[in-house]
Amino acid sequence: MPCTLPAPGPSHRQSERAVSSEHLPGQPPVNTGAIVLRAELNCTVSVLGRMDETCEMKYKVVDSPLGKLEISGCERGLHGIKLHGGKTPDTGPAEAAAPAEQLGGSGAVLEPLLQCAAWLDAYFREPAVLEGLPVPALHHPIFQKESFTRQVLWKLLTLVKFGETVSYQQLAALAGNPRAARAVGGAMRSNPIPILIPCHRVVCSSGAMGNYSGGVGVKEWLLAHEGRPAGKAARGGGSRATGSWRGALGSTASSQPAGRD
């Protein structure tokens, strides 16, 4: 399912309402029973959405094979996923995919956080169902204004699928500027929502891993979890079918639907 980002400008709130309704009808109920929800904090934080807005943020800490992940968001959408500790699992991806025991979590949980928790649970335990799950609306400030970084992250999210890889140069071409491979590296460092926006799938043309905010060991584990052996050179985007993004090479931001990024 495509992920819809609210467009800036006067139609911002209308777009958000459209996003919420778009993710709900016909979707399977969100089930967070298999992912550990440990803590919830409520506070009001000044987060730029529009110049006259603040977001009331909520946080959830969930357990994963990579250690604790903190997810944050407001009622309008997801703001971030943070990897705490940069843990590299002792077990391989297959062993780490066993269901986690739910330890609890109190209070109302915002829908974007529920959707994110369910998506992460499926990613680690049952990747085959990911295509049927809603991707939460995104409301981090980086998605509220036009920029090359926003364009790169959007292309990465929508075109480079589970089990695929893409080089920095290829991703730059997807975002409309084949000469901007270095800028793509900067966009990867700015990615506020790792794993869901899969910056771990961006590798060097030589096949080298490249850098990763969570550590190279974590990047290697994620790629192994997705079925791509570490050190295998990217050839047209990875070990699985790559038509999803190869056919989009040469497209630019002008090809995006109105109200979407």
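Structural data are supplied above this passage.
All figures in this text were calculated on a predicted structure; none of them were measured in a lab.

1. Brief notes about the pairing of strand β3 (residues 67-74)
Buried residues dominate β3, accounting for seven of its eight residues. Taken together, the seven bridges between strand β2 (residues 55-64) and β3 define a ladder with antiparallel strand orientation. Bridged to Lys-60 within β3 is Ile-71. Here β2 folds back onto β3 in antiparallel fashion, the turn holding two residues. Both β3 and strand β4 (residues 77-83) contribute to a ladder of six bridges, which runs antiparallel. Within β4, the position partnered with Leu-69 by the bridge is Leu-83. The turn joining β3 and β4, which pair antiparallel and follow one another in sequence, is formed by two residues.

2. Some thoughts on the nonpolar core
Ranked by internal contacts, the top residues of the largest apolar core, which has 49 residues, are Leu-120, Met-188 and Ile-195. Elements represented by at least two residues in this core include exactly β3, β4, α2 (111-125), α3 (148-159), α4 (168-174), α5 (181-190) and α6 (216-225). In terms of residues, this core owes the most to one element, α2, which gives eight residues. Apart from residues lying up to four places away in sequence, Met-188 is in contact with Val-152, Leu-153, Leu-156, Tyr-168, Leu-171, Cys-199 and Val-202.

3. A few points about α6
Regarding α6, the residues found buried are Val-218, Lys-219, Trp-221, Leu-222, Leu-223 and His-225. Each element contacted by the buried residues of α6 is listed here: β4, α2, α4 and β6 (202-203). Phi turns positive one or two residues past the end of α6, at Gly-227, with a value near 95 degrees.

4. Re the packing of aromatic side chains
For the structure on display, the rule yields four aromatic pairs. Taken together, a centroid distance of 5.6 Å and an interplanar angle of 10 degrees make the contact between Trp-119 and Tyr-123 stacked. Taken as a pair, Trp-119 and Tyr-123 lie in helix α2 at a separation of four residues, close to a single helical turn. The class of Trp-119 is buried, set by a relative accessible area of 7%. A ring pair is formed by Phe-124 and Trp-221, whose centres lie 6.2 Å apart and whose planes are at 45 degrees; its orientation type is tilted. Taken together, the residues span a long stretch of sequence, with Phe-124 in helix α2 and Trp-221 in helix α6 at a distance of 97 residues. Side by side, Phe-124 and Trp-221 carry an identical accessibility label, which is buried. Among the aromatic residues, those joined into a ring-pair cluster are Trp-119, Tyr-123, Phe-124, Phe-162 and Trp-221.

5. Some details on α3
Here α3 spans 16 Å end to end across twelve residues, near enough to the 16 Å set by a 1.5 Å rise per residue. Burial analysis of α3 places eleven of its twelve residues in the buried class, which makes it a mostly covered element. Looking only at α3, the buried set comprises Thr-149, Arg-150, Gln-151, Val-152, Leu-153, Trp-154, Lys-155, Leu-156, Leu-157, Thr-158 and Leu-159.

6. Comments concerning the pattern of salt bridges
All told, the structure shown has four salt bridges when counted by the stated rule. Put simply, Lys-68 and Asp-63 hold a salt bridge, and the shortest N to O gap is 3.5 Å. Look at Lys-68 and you get partly exposed, because its relative accessible area is 37%. Among the ionic pairs, Asp-121 bridges to Arg-125, the shortest N-O distance being 2.7 Å. Within this pair, Asp-121 and its partner Arg-125 are both found in helix α2, separated by four residues, close to a single helical turn.

Cut-offs used in this document
Residues numbered from 1 in each chain as written. Predicted model: local features only at pLDDT ≥ 70, side-chain atom pairs only at ≥ 80, totals over all residues. Heavy atoms only, no water. Buried < 20%, exposed > 50% of the residue type's maximum accessible area, 1.4 Å probe, protein only. Helix = DSSP H or I, 4+ residues; strand = E, 2+ residues; numbered from the N terminus. Pairing = 2+ DSSP bridges. Core = buried A, V, L, I, M, F, W, Y, C linked by side-chain atoms within 4.5 Å. Contact = heavy atoms within 4.5 Å. Phe/Tyr/Trp six-rings, centres within 6.5 Å; stacked < 30°, edge-to-face > 60°. Expected span 1.5 Å × (residues − 1). Salt bridge = Lys/Arg side-chain N within 4 Å of Asp/Glu carboxyl O.

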